[in-house]
Amino acid sequence: MTNPTQHGICFFFTGLSGAGKTTLAEALAAAIYKQLNRPTTLLDGDVVRTHLSSNLGFSRADRDTNIRRIGFVAAEIVKHGGIVISAAIAPFDNARRDARALVEANGQFILVHVSTPLSVCEARDVKGLYAKARTGEVKTFTGVTDAYEPPTDAVIAIDTSQMTVEAAVTALLSLL
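Below, the structure is looked at part by part. (Residues numbered from 1 in each chain as written. Predicted model: local features only at pLDDT ≥ 70, side-chain atom pairs only at ≥ 80, totals over all residues. Heavy atoms only, no water.)

**Side note on the overall build of the chain**
- Along the chain, the regular secondary structure elements total seven helices and five strands.
- Counting from the amino terminus, the chain carries its helices and strands in the arrangement β-α-β-α-α-β-α-β-α-α-β-α.
- Computed over C-alpha atoms, the radius of gyration of the chain comes to 16 Å, within 12% of the 16 Å expected from 2.2 N^0.38 for 176 residues, which places it in the range of a compact globule.
- Summarising its shape, the C-alpha atoms of the chain cover approximately 50 × 35 × 30 Å along the three principal directions.
- Expressed as a percentage of contacts within the chain between residues at least 6 apart in sequence, the contacts between residues at least 24 apart total 76%.
- Accessible surface computed for the chain: about 8200 Å², of which carbon and sulfur atoms make up 55%.
- If you average the places of the 17 positive and of the 17 negative side-chain charges in the chain, the two averages end up 2 Å apart. (Helix = DSSP H or I, 4+ residues; strand = E, 2+ residues; numbered from the N terminus. Rg over C-alpha atoms; globule rule 2.2 N^0.38 Å. Contact = heavy atoms within 4.5 Å. Areas by Shrake-Rupley, 256 points an atom, 1.4 Å probe, with all protein chains shown as cover. Lys, Arg positive; Asp, Glu negative; His and termini not counted. Charge placed at Lys NZ, Arg CZ, Asp CG, Glu CD.)

Below is the structure:
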């Protein structure tokens, strides 16, 4: 493999809300900086929705557009030798494959399935969204009223109810 200090890399995290994507992404970014002395760009799903995709809703087409936008930005970062970590639900396989194609035209794409079970994600319910989905207050919510297509092509699966953040980061760094 090419030296990870010289080429662009995208870690693309997918998983349900509350699975631990952002927590893992932030810890991985810190570890990459510490071990490789390389800054990392984090494309967090909530932040992207606020600043890049605020015009989109939650229909399948809008969700796919959001992930394709993330893929485009990630590809631009990778093209210039950067490291990017995307942490978005990315529920649909076709949009993840489109993001992969954009990134792989310029560098390495590592699909990470944060496979924490729905019951654990729902118990965490950090944002209160599962409760709102169960009562019908939120109409379209991945894992409750809308589909999540688990990836069949992930490089690694991490269940944060079974693996510590430190162990997960070690496993992710070993992929470099």
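**A closer look at the sheet that holds strand β5 (residues 156–158)**
- Sheet architecture is open: five strands sit in the order β2-β3-β1-β4-β5, paired in parallel fashion. Both edges of this open sheet fall to β2 (40–44) and β5, since each of them pairs with a single strand only. Recorded for the sheet is a direction-independent mean angle of 20 degrees between the axes of neighbouring strands.
- Two strands pair when backbone bridges link them, and strand β1 (residues 9–14) and strand β4 (residues 108–114) are joined in this way by six bridges, in the parallel orientation. Across the sheet, I9 pairs through a bridge with Q108, a residue of β4.
- Strands β1 and β4 of the sheet are contacted by helix α4 (residues 93–104), whose axis makes an angle of about 150 degrees with β4. (Pairing = 2+ DSSP bridges. Axes fitted to C-alpha atoms, helices over the stretch in contact; angles between N-to-C directions.)

**Notes on helix α3 (residues 60–79)**
- Between the first and last C-alpha of α3 there are 28 Å, a value that for 20 residues agrees with the 28 Å anticipated at 1.5 Å per step.
- Taken as a whole, α3 has its buried residues at R63, D64, N66, I67, I70, G71, A74, A75, I77 and V78.
- On its buried side, α3 packs onto β1, β2, α2 (45–51), β3 (83–87), α4 and β4.
- One or two positions beyond α3, positive phi appears at G81, with a value near 85 degrees. (Expected span 1.5 Å × (residues − 1). Buried < 20%, exposed > 50% of the residue type's maximum accessible area, 1.4 Å probe, protein only.)

**Quick notes on the packing of aromatic side chains**
- Counting across every chain of the model gives two aromatic pairs.
- Ring centres of Y130 and F141 lie 4.8 Å apart, and the angle between their planes is 85 degrees; on these two criteria the pair is classed as edge-to-face. With Y130 in helix α6 (residues 129–135) and F141 in the loop between α6 and β5, the pair connects residues that are 11 residues apart, well separated along the chain. Like F141, Y130 is buried.
- Against the face of F58 rests R49, its NZ or CZ located 4.1 Å from the ring centre.
- Against the face of F92 rests R60, its NZ or CZ located 3.8 Å from the ring centre. (Phe/Tyr/Trp six-rings, centres within 6.5 Å; stacked < 30°, edge-to-face > 60°. Lys NZ or Arg CZ within 6 Å of the ring centre and 35° of its normal.)

**Details of the layout of surface pockets**
- Estimates place the volume of the largest pocket at around 730 Å³.
- Elements supplying a minimum of two residues to the lining of the largest pocket: α1 (21–36), α2, α3 and α6.
- A breakdown of the residues in the lining of the largest pocket according to their chemical character gives 14 nonpolar, 10 polar and eight charged. (1 Å grid on protein atoms, 1.4 Å probe; cavity = no way out; pocket = protein on both sides within 12 Å on 5 of 7 lines; lining within 4 Å. Points joined across faces, edges and corners; volume = space filled by probe spheres on them. Nonpolar A, V, L, I, M, F, W, Y, C, P; charged D, E, K, R; others polar.)

**Let's talk about the nonpolar core**
- If you look at the biggest cluster of nonpolar residues, it comprises 30 residues, and the most contacted ones within it are F11, F13, L28, V112 and L172.
- At the level of elements, β1, α1, β3, β4, α6, β5 and α7 (165–173) are the ones that each hand at least two residues to this core.
- Counting residues per element, this core draws most heavily on α1, at six residues.
- When residues no more than four places from it in sequence are discounted, the contact partners of F13 are K21, L24, A25, L28, I85, S86, A87, A88, V112, V114 and L172.
- One finds F12, A75, V84 and V103 within the second-largest nonpolar core, a separate group that totals 18 residues. (Core = buried A, V, L, I, M, F, W, Y, C linked by side-chain atoms within 4.5 Å.)

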